[in-house]
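What follows is each chain in one-letter form.
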Amino acid sequence: MKCLCLIAFLAIMTAQSYSDLGVESASSDAFVSRKGLQFILNGKPFYANGFNAYWLTYEATDPATRFKVTFALQNATIHGLTIARTWGFHDGGYRALQTAPGSYNELAFQGLDFAIAEAKRLGIKMIITFVNNYSDFGGRKQYVDWAKSKGQSVTSEDDFYTNPLVKQFYKNHVKTIVNRVNTFTKVAYKDEPTIMAWELMNEPQCKADPSGKTLTAWIREMAPYVKSLDSKHLLSTGLEGFYGDSSPKKKASLNPVAANVLGTDFIANHNIDAIDFASFHAYPDSWFPNIDEKSRSDYLRKWLEGHIEDAQNILKKPLILGEFGKPTTTPGYTQAQRDAVFNATFDIIYASAQKGGPAAGALFWHLISDGMNNFKDGLSIVLSDKSSTVNIIGQQSRKLGLIGGKGK
Ligand SMILES: *[C@@H]1O[C@H](CO)[C@@H](O)[C@H](O)[C@H]1NC(C)=O
Ligand SMILES: *[C@@H]1O[C@H](CO)[C@@H](O)[C@H](O)[C@H]1NC(C)=O
Ligand SMILES: *[C@@H]1O[C@H](CO)[C@@H](O)[C@H](O)[C@H]1NC(C)=O
């Protein structure tokens, strides 16, 4: 098997076929499902390279800026990127999707419709997140404020997980999203194979209960709720991956110390039947601002391998690295450092994937299109830059596409 893979790989490399593989592996109109440690698409294991583009709905809300979505997704497919992670929320504020509990801005919804329709046309699968931990784009804070304005006695953002009215608001949002009928494709979101999975929240945390039990209870309630409305799609948490009391050793050896009060538990939060795969993120630069680059890269390796090991042996589910990147804002930053982070991350994912293991892909944070200065920051990547990092991204797409599409 390995030999055939290598021969196929070389043949493709020689043919200089840049886009074919990744795109081919995701282009079908079938649902991604899960079997044991692997994702399955069209009866074959699905390993894919991907990216975050949280701004898709925002830019597609105005028909005059929709072309940015098209450009970004088109260029992504040229680099073999076939999983896009994006926000299925924007609670309150300018260009809100949900303007008040249960009230939606039809133009913003058509923006999300458009992003999904374009992804479908281009053969990209999507991971869509229901709410934010942070107050960007509304998030938990907006939900709690809404409840407060309706007379609920809520005091902190962490009441999000326990206040009955807030929980009802969240469920209503989930229901509205999954039942939405796309105005471009005429397909309900819950029946749309372009959507690979939902995520309950972007980076859930609950400082009010560092034990992780409050968050686990919330996931135990919300995950089956999502499944009761939509049995076709996969579901994950959106977690950063910090360890809690169910893995004391890793909590002590792998967590940044500050993460021990965040109320998350990578194992307990994912060891729930309705959660189909595990999610985690990797940001050693923000977790360890004061260590040297070598120590950071050693840590990155341990962090990635530690989670892959747990997905394989304890959770027995696939695993997606939902966010990673190398910020230009880290003191002493060089392009070679960014390349090294991408190389190391991709190599570890690939090593697991090519053995049929749980690591299915890594989604870099974050993709923007040409001229999108309003979303440019230390982590943004423009594919037309023709940088060495962009080449590394393209290579990983080819390698992963070969495993799923051809190798087995
Ligand atoms: C999540 O939200 C809390 C406030 O509710 C905030 O303190 C925390 O910083 C947020 N998480 C991250 C990773 O910033
Ligand atoms: C990244 O990997 C590529 C391909 O294997 C290699 O050519 C390049 O030198 C690596 N870059 C760094 C900074 O490690
Ligand atoms: C992407 O594609 C469009 C047209 O296909 C092009 O004009 C644009 O500059 C490309 N690059 C990016 C990063 O958007």
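The model shown is predicted, which means the values in this text are computed figures rather than measured ones. (Residues numbered from 1 in each chain as written. Chains lettered and ligands numbered in written order. Predicted model: local features only at pLDDT ≥ 70, side-chain atom pairs only at ≥ 80, totals over all residues. Heavy atoms only, no water.)

A. Inspection of the environment of threonine 345 at higher detail. Topologically, threonine 345 is positioned in helix α13 (residues 335–353). What makes threonine 345 buried here is its relative accessible area of 0%. As a C-alpha pair, threonine 345 and phenylalanine 364 span 19 residues in sequence and 9.9 Å in three-dimensional space. Apart from residues no more than four positions distant in its own chain, threonine 345 is found in contact with Leu300, Leu304, Leu321, Phe324 and Ala362. Side-chain polar atoms of threonine 345 contact the backbone oxygen of valine 341, separated by 2.7 Å. (Helix = DSSP H or I, 4+ residues; strand = E, 2+ residues; numbered from the N terminus. Buried < 20%, exposed > 50% of the residue type's maximum accessible area, 1.4 Å probe, protein only. Contact = heavy atoms within 4.5 Å. Polar contact = N/O pair within 3.5 Å; in protein donor to acceptor, adjacent residues only side chain to side chain.)

B. Region of interest: the pairing of strand β2 (residues 38–41). Because side chains alternate across β2, one face comprises the buried residues Gln38 and Ile40, and the other comprises Phe39 and Leu41, equally buried. Count of turn residues in the strand β1 (residues 33–35)/β2 antiparallel hairpin: two residues, of which glycine 36 carries a positive phi of about 55 degrees. Sheet topology note: the β2/strand β3 (residues 44–45) ladder contains two bridges and is antiparallel. By the bridge assignment, isoleucine 40 is partnered in β3 with proline 45. What sits between the antiparallel neighbours β2 and β3 is a turn of two residues, in which asparagine 42 has the positive phi angle 55 degrees. (Pairing = 2+ DSSP bridges.)

C. Seen up close, the pairing of strand β8 (residues 125–129). Most of β8 is tucked away: five of the five residues are buried. Every second residue of β8 is oriented toward a common face, with Lys125, Ile127 and Thr129 on one face and Met126 and Ile128 on the other, all of them buried. Sheet analysis places strand β5 (residues 83–87) next to β8, joined by five bridges and oriented parallel. Bridging across to β8, alanine 84 finds its partner in methionine 126. Across four bridges, β8 lies against strand β9 (residues 195–199) in parallel orientation. Looking across to β9, one finds that isoleucine 127 is bridged to alanine 197.

D. Seen up close, the side chain of threonine 214. Along the chain, the position of threonine 214 falls in helix α8 (residues 213–229). For threonine 214, a relative accessible area of 19% corresponds to the buried category. Within polar-contact distance, the side chain of threonine 214 engages the side chain of aspartate 209 at 2.6 Å. Discounting chain neighbours no more than four positions away, the residues touching threonine 214 are Tyr161, Thr162, Cys206 and Asp209.

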